[in-house]
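Now for the letters of each chain:
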Amino acid sequence: KSVASNKMPSWNVDNWKWQDDAACRGEDSNLFFYIDKERDVLKDKRIAAAKAICATCKVSTACLQWAVQHKQNDGIWGGLTPEERGVKVTEELVD
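On a predicted model such as this, the values are computed, not experimentally measured, just so you know. (Residues numbered from 1 in each chain as written. Predicted model: local features only at pLDDT ≥ 70, side-chain atom pairs only at ≥ 80, totals over all residues. Heavy atoms only, no water.)

Below, the discussion takes up the overall build of the chain. Each helix and strand counted, the chain has three helices and zero strands in total. Secondary structure of the chain in N-to-C order comes out as α-α-α. Put simply, the chain has 95 residues, and 31% of those count as buried. Considering only residue pairs separated by 6 or more positions, the chain has 41% of its internal contacts joining residues 24 or more positions apart. Working note: accessible area of the chain is about 6400 Å², and carbon and sulfur atoms make up 53% of it. (Helix = DSSP H or I, 4+ residues; strand = E, 2+ residues; numbered from the N terminus. Buried < 20%, exposed > 50% of the residue type's maximum accessible area, 1.4 Å probe, protein only. Contact = heavy atoms within 4.5 Å. Areas by Shrake-Rupley, 256 points an atom, 1.4 Å probe, with all protein chains shown as cover.)

Below, the structure written as structure tokens:
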């Protein structure tokens, strides 16, 4: 699914102030969220580009924590895909 807004993330008081310092702030949200009819090669490139931005982000831990706590099922958050976040949460519960 596509995201209506094409900028990441707009500041929202409900989403906490950490977003002010997010490396993705002002980036095209289509890098971070699934695009309709996206093929594997394009998806892999998009995910890699999003993760590269996340790798430079000083608030990626807060971002990831927020996504896990709020059960975000879509998008790259804190440098992880939804599938990777599910594995991380499962591993944390097992450990």
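Continuing now.
Moving on: unusual backbone geometry. Even without glycine at this site, Lys 71 takes up a positive phi of about 50 degrees. Following the sequence through the fold, Lys 71 ends up in the loop between helix H2 (60-69) and helix H3 (82-94). When its relative accessible area of 66% is taken as the criterion, Lys 71 is described as exposed.

The next subject is the nonpolar core. Counting residues in each nonpolar core, the largest one holds 16 residues, and the members touching the most others are Trp 18, Cys 24, Phe 32, Val 59, Ile 76 and Trp 77. When contributions to this core are tallied by element, the ones reaching two or more residues are helix H1 (40-55) and H2. At four residues, the largest contribution of residues to this core is made by H1. (Core = buried A, V, L, I, M, F, W, Y, C linked by side-chain atoms within 4.5 Å.)

Our focus in this paragraph is the packing of aromatic side chains. This structure, assessed with the given rule, holds two aromatic pairs. For the ring pair Phe 33 and Trp 77, a centre distance of 6.3 Å and an interplane angle of 85 degrees mean the geometry is edge-to-face. Pair noted here: Phe 33 is in the segment before H1 and Trp 77 is in the loop between H2 and H3, with a separation of 44 residues, a long-range link. In terms of burial, Phe 33 and Trp 77 fall into one category: buried. The interplanar angle of 35 degrees and the centroid separation of 5.1 Å between the aromatic rings of Trp 66 and Trp 77 together place this pair among those described as tilted. Of this pair, Trp 66 sits in helix H2 while Trp 77 sits in the loop between H2 and H3, and the two are 11 residues apart along the sequence. An aromatic cluster is present here, built from Phe 33, Trp 66 and Trp 77 joined pairwise through their rings. (Phe/Tyr/Trp six-rings, centres within 6.5 Å; stacked < 30°, edge-to-face > 60°.)

This paragraph deals with H2. Side chains three or four residues apart in an α-helix point the same way, a direct result of the helix having 3.6 residues per turn. Turning to H2, its buried residues number three or more, namely Cys 63, Leu 64, Trp 66 and Ala 67. One side of H2 holds all its buried residues, which, seen down the axis, span an arc of 160 degrees. Across H2 from its buried face, at more than 90 degrees, point the exposed residues Thr 61 and Gln 69. Positive backbone phi, at 50 degrees, marks Lys 71, one or two positions downstream of H2. (Arc of directions from axis to C-beta.)

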